[in-house]
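Residue strings, one per chain:
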Amino acid sequence: MNALCFAVARLLVRYRKTVLTLAALVTCVMAGLASRVHFDFSPDSIYLANDAAHAVYVKHFIPHFGDQANVAVVAVRGNLQRLPAQEALVDLHNRLRQHPQVLRVRSVLNLLPQAAKNQRGIPGIQDILRGPAHIYEGLLASNGSAAAIVAQLPMHYGDQAAQEDLARSIKRLVQQVSRRHSSVELLVTGPAFLQEATIGFLKRDQMLFLPFVVLCIALFLWLSFRDVRGVVLPFIATGVATVWALGWLCVVGHSFNIVNNALVVLLLVISIADSVHLFARFQDELQQEQLVARRDKRTVDADAVVIRTTVAMIPPCLLTSCTTALGFASSVWAQVHIVKEFGVDAAVGVMGAFVATFLITPAALRMLPFPQVKDVGFEHKRQLASSFLSEALAVMARFSIRYAKVLVVAAVSLFCLCGWFAKNVQSNQRLISDLPESEPAVVAARFIEKTFFGLASFDILLEGDAQQWQNPEVVRRVSRMSQAIRSTPLAPRIDSFPDALRAHVHAVQGQDPGALHQWSDERIAHVLHQTGEDPSANRSLQRVFFSADGSLQRIVGQLKDSHTRSINQFRQEVQRILDTHRLPHVPVHLTGGALIAAKALGNILRDMAGSLVVACATIVLIIALVFRSVRYAVMALLPNLLPIVVTLAIMQLWDIHLRVATVMIFSMALGISVDACTHLLARLREEIGCKNGNRPRRLQEIIVKTMQGSGRPVVYSTVLLLLGFSVLGLSRFHALRDFAILSAAVLATALLVDLLLLPALVILVRPKR
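Residues numbered from 1 in each chain as written. Predicted model: local features only at pLDDT ≥ 70, side-chain atom pairs only at ≥ 80, totals over all residues. Heavy atoms only, no water.

**A closer look at the overall build of the protein chain**
Helix and strand counts for the protein chain stand at 28 helices and ten strands. Looking at the protein chain residue by residue over its 769 residues, the buried ones come to 59%. A sequence separation of at least 24 residues applies to 82% of the contacts in the protein chain between residues at least 6 apart. (Helix = DSSP H or I, 4+ residues; strand = E, 2+ residues; numbered from the N terminus. Buried < 20%, exposed > 50% of the residue type's maximum accessible area, 1.4 Å probe, protein only. Contact = heavy atoms within 4.5 Å.)

What follows is the structure, encoded as C-alpha cells:
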C-alpha cells in the first residue's frame, strides 16, 4: 500500500502542471453540464418506488389530466353583499378566464343563471346565501365575507421553470385587479405559489448567508493555519468537487430536488475535512523538514515534504471516503425514490471530492512558493497557533484515560437514554410547514383552509368508456362514492361529475336539486341530455372530468394541510370506501401528489434506519479488514452511533419532525463521525508502529501523541463547519433553520465523542502492537 501511495504521490508532484491542467479541463466540462441541471422541488417527486398510486399517476393521470392538474386559488376578502366586492370578484373571474393557460375558472358566478352574469355586480348573491350551504360550499363564506375563485392550470410536471413562470403571471394578474379594486383584499395561493416561495427562500437565504458562511470558514482556517494556502486550497477543492457532483446529476438525468440540495453541504463537509487533514499534515512535515534543513544547512526539499504528506494522508482519507460513500450507497435499498437517488449521487460526490482533493492540493502545494529555512516567522506563528490547542487536547486525552471506565459507562447510558427518546420520532411533512407565517402565499393558504378548503390534492380515476359514463346507475354510484369520502374525518372537498351536474341544474332552475344519488333514472338522463346540448357546459365538464378519449373519469379531492400520519390513515379509509362502492367492470384507482408524498414520507424513518444499519455494519467490517483487527472496529462502533441517537433525541425533545429537509442529517452525522474516528485510528496505528529508541512507548503516551497529531485537524474541520452551519440557523426558512440546528448538534456531539470517548475506548480495548 505504501509503495502504491508513494508512486501516486511522485506522479502528482512530478507532473503537477499536467495534473492541474487535467483537473481544470474536467471541471470546465462538468461546469457546462452543471449549468443544464433541472430543478424539481415539487412534492410529487417524493414517492415510493413500488407505490401503485405513483404508477397510476405517471401512466394515466399525467398523460390525460396533467394539463389541468394544478390550481390557483384567489380569496376575495370583502362584503360580497356590497357592490365593490362583487365587482372585484366578477372582474377577476373574467380576467382569469381570458388567461391563455387557465383552463377552467370556478366561483360563485358559476351558480348564477346566464342572465344574472351579464348584469353589473352579482344581484343573485342574496338568494345563494339563503339557499342550502352545500350549494356554495367552498366558493362562498357562509356570512358573505369572502369568496374563492379556483383556476385550474397546467402542472408542467418536472419543469420547475415553467411552473414558476406560470405562478408569476397569475400573481401579476391578481395584482392588476387588486390595484383597480383597492377597497377589496385579494389573496392568491396554491401549490405552484408555495413552491415558488420555497425556492425563493432557498435562493435568497443561500445568497444572503453563503458569503457569511464562507467568511467564517476562511477566518477560522486562517486563525488555525496562519497560511493563505490553508485558506484557498480547501475552497478550491470543495468548489471543484461540487461542480463535478452537479455535472454528474446532469449526466445521469437526476434533477436538483428537495433532498439532494443538501449534496452541496455534504460535499463541503467532506472536502473541507480532507483538505484540513491534508494541510495540517503538510505543516507537520514542513516543520520537521525545516528543522533538519536548518541543522544540515541546506534548503528545504519541497518534493519530499509534499510526497511524504500525500503518502501519509492517502490511506486514511481514502478509507474515510470509501466508508462514507458506502454508507450513502446503502440507500439504494430505500423505497423512497429520491432518497435512493440521493444515496447514489452522494456516494459518487464523496469519491469525487477525494479525487479532487488529492489531484489539486498536492500539486498546488508544490506549485506555490515554498517557505524556506530563513522564514523563521512561519514556524513561530504555527507554534503559537497550535500550542494552546495541543496542550488542551493532551489534557482531554489524559482525562479520558484516567476516567476511561466512567466515560464508557456514561456513553453507553447516554446511548440507551437517547435511544429511548429517539424511538418516538415521527416523520411529517406539511405543505407549508417550512415557510414563515408572514409569507403572502402562506397567509393566503391559512385563510383559504380556514374559510373554504385545503390545498393538498388527490384524485380518483375510474376506467371505462363514454357509454358507461352516461349510465344513470354509474352516475349515482359515483355520487355516493363522493359523498362517502366527504364524510371521512379529514372532510375533504370533493369535485366530481355528479356535483357538476347538480351545480348546472341549480344555475338553470335557481333552486336546490337535492342529492343526485336520489334522482330517478329519467331525471339523470334528462340532465345529461341538457348538458350535452349546451356546448359550453358540455365542453367544460368533459375537459375537467373525462379524458379526451373518454376512457377515464376523474374525481378531484382537496385536503387541508394535515399530519403525514393522518393523510396515510385517510388514504386507507378512502381505499376502503372505493372497495365498498366498487362499480362492476370499472377499475378504480386512488392517486394524487398529496397521498403519494405522504406514503413515501411515512417510509422515510424505516428507510433511514435500514440504511444506517447497513452502513454501520459495512463501515465496521471495512475498518476491521483495513486495520486487520476486530478491536479497531469495536473502538469505532460507539463513536459512530452516538451522535446519531443524540440527534434523534434532540429532534424528539424539540419537536422537530423527520422530513426531507432533515433526513440527510444522519448520513452527514455518520460521515463526520467516521471521518474523524478513522483519522484518529489511522494516526493511532501509525504511532503504535513508531519506536522511541530502545525504550518501549507506553499506550498512554501513544494516545496523547495521537490526539495532538490528528486531533488538531479534527477540531479545525469540525469547528469551522459548526461556525458555518450556525450562520444558517438565522434563516427564516424553517427547513434550513432546522438543518442548521441539527447539524450543529451532530457536529458538537461528534467532536466531544471523538475527543473524550475514543481515548477511553482505546485504553480499555488495548489494540495489539
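Next, the rest of the story.
**Remarks on the sheet that holds strand E2 (residues 70-77)**
Strands in a sheet are paired, the pairing made by backbone hydrogen bonds, and the direction either parallel or antiparallel. Spatially, E3-E4-E2-E5 is the arrangement adopted by the four strands of the open sheet, whose pairing is antiparallel. The sheet is open, and its two edges are formed by strand E3 (104-106) and strand E5 (185-189), each paired on a single side. Direction aside, neighbouring strands of the sheet carry axes that sit 15° apart on average. Summarising the sheet, E3 and strand E4 (residues 146-153) pair through three bridges and their orientation is antiparallel. Pairing of Arg 104 across the sheet is with Gln 152, part of E4. Each of E2, E4 and E5 is contacted by helix H16 (residues 440-451), which is oriented at about 100° to E5, the strand it contacts most. (Pairing = 2+ DSSP bridges. Axes fitted to C-alpha atoms, helices over the stretch in contact; angles between N-to-C directions.)

**Brief notes about unusual backbone geometry**
In this model, Ala 491 sits at a positive phi of 45°, which is unusual for a non-glycine residue. Here Ala 491 lies in the loop between helix H18 (472-486) and strand E8 (493-495). Of note in this structure, His 585 is not a glycine but carries a positive phi near 60°. Within the secondary structure layout, His 585 lies in the loop between helix H22 (564-580) and strand E10 (588-591).

**With respect to the sheet that holds strand E9 (residues 552-559)**
Spatially, E8-E9-E7-E10 is the arrangement adopted by the four strands of the open sheet, whose pairing is antiparallel. The sheet is open, and its two edges are formed by E8 and E10, each paired on a single side. Each strand axis lies, on average, 20° off the axis of its neighbour in the sheet, ignoring direction. Bridge count between E8 and E9: three bridges; the pairing is antiparallel. Bridging across to E9, Asp 495 finds its partner in Val 556. Along the sheet face, helix H3 (residues 52-65) touches strand E7 (456-463), E9 and E10 and points at about 85° away from the line of E7. With respect to the sheet, H18 is in contact with E7, E8 and E9, its orientation differing from that of E9 by roughly 15°.

**Overview of the nonpolar core**
In terms of nonpolar packing, the biggest core is built from 202 residues, with Ile 46, Leu 92, Ile 170, Phe 666 and Leu 681 touching the most fellow members. Among the elements that line this core, the one with the most residues is helix H28 (residues 734-765), at 18 residues. The residues touching Ile 46, leaving out its near neighbours within four places in the chain, are Ile 258, Val 336, Ile 338, Ile 596, Ala 597, Ala 600, Leu 601 and Val 660. (Core = buried A, V, L, I, M, F, W, Y, C linked by side-chain atoms within 4.5 Å.)

**Focus: the pairing of E7**
For E7, a buried count of six out of eight residues is recorded, marking the element as mostly surrounded by other parts of the structure. Sheet topology places E7 next to E10; four bridges connect them, and they run antiparallel. Bridging across to E10, Leu 462 finds its partner in Val 588.

**Details of the confidence of the model for the protein chain**
When pLDDT is averaged across the protein chain, the result is 81; 90% of the residues are at 70 or more. Note on residues 373-382: pLDDT is under 50 here. Beyond four places in sequence and across chains, it has 23 contacts. (pLDDT = per-residue confidence, 0-100.)

**Some remarks on the environment of Met 635**
Along the polypeptide, Met 635 turns up in helix H25 (residues 630-653). Taking C-alpha positions, Met 635 is 7.3 Å from Val 765, a pair spaced 130 residues apart along the chain. The residues contacting Met 635, other than those within four sequence positions of it, are Leu 681, Leu 684, Leu 758, Leu 761, Val 762, Val 765 and Pro 767.

**With respect to the packing of helix H12 (residues 302-329) against helix H13 (residues 337-367)**
Running from amino to carboxyl end, H12 crosses H13 at an angle of 175°, the nearest separation of the two axes being 9 Å. The orientation of H12 with respect to H13, classified from their angle, is roughly antiparallel. Residue composition of the contact of H12 with H13, by class: 19 nonpolar, four polar and two charged. (Parallel < 35°, antiparallel > 145°, perpendicular 65-115°, else oblique. Nonpolar A, V, L, I, M, F, W, Y, C, P; charged D, E, K, R; others polar.)

**Comments concerning the side chain of Arg 683**
Along the polypeptide, Arg 683 turns up in helix H26 (residues 665-689). By relative accessible area, which is 11% here, Arg 683 ends up buried. Apart from the residues lying within four places of it in its own chain, the contact partners of Arg 683 are Arg 281, Asp 284, Thr 706, Gly 709 and Ser 710.

**Brief notes about the pattern of salt bridges**
Applying the stated rule across the entire model yields 27 salt bridges. A salt bridge links Asp 165 to Arg 168, with the nearest nitrogen and oxygen atoms 2.7 Å apart. With Asp 165 and Arg 168 both in helix H8 (residues 160-180), this residue pair falls three residues apart, about one helical turn. For the salt bridge of Glu 437 with Arg 446, the shortest nitrogen-to-oxygen distance reads 2.9 Å. Looking at Arg 446, the relative accessible area reads 35%, which means it is partly exposed. Linked through salt bridges whose partners overlap, the residues forming this network are Glu 164, Asp 165, Arg 168, Lys 171 and Glu 196. (Salt bridge = Lys/Arg side-chain N within 4 Å of Asp/Glu carboxyl O.)

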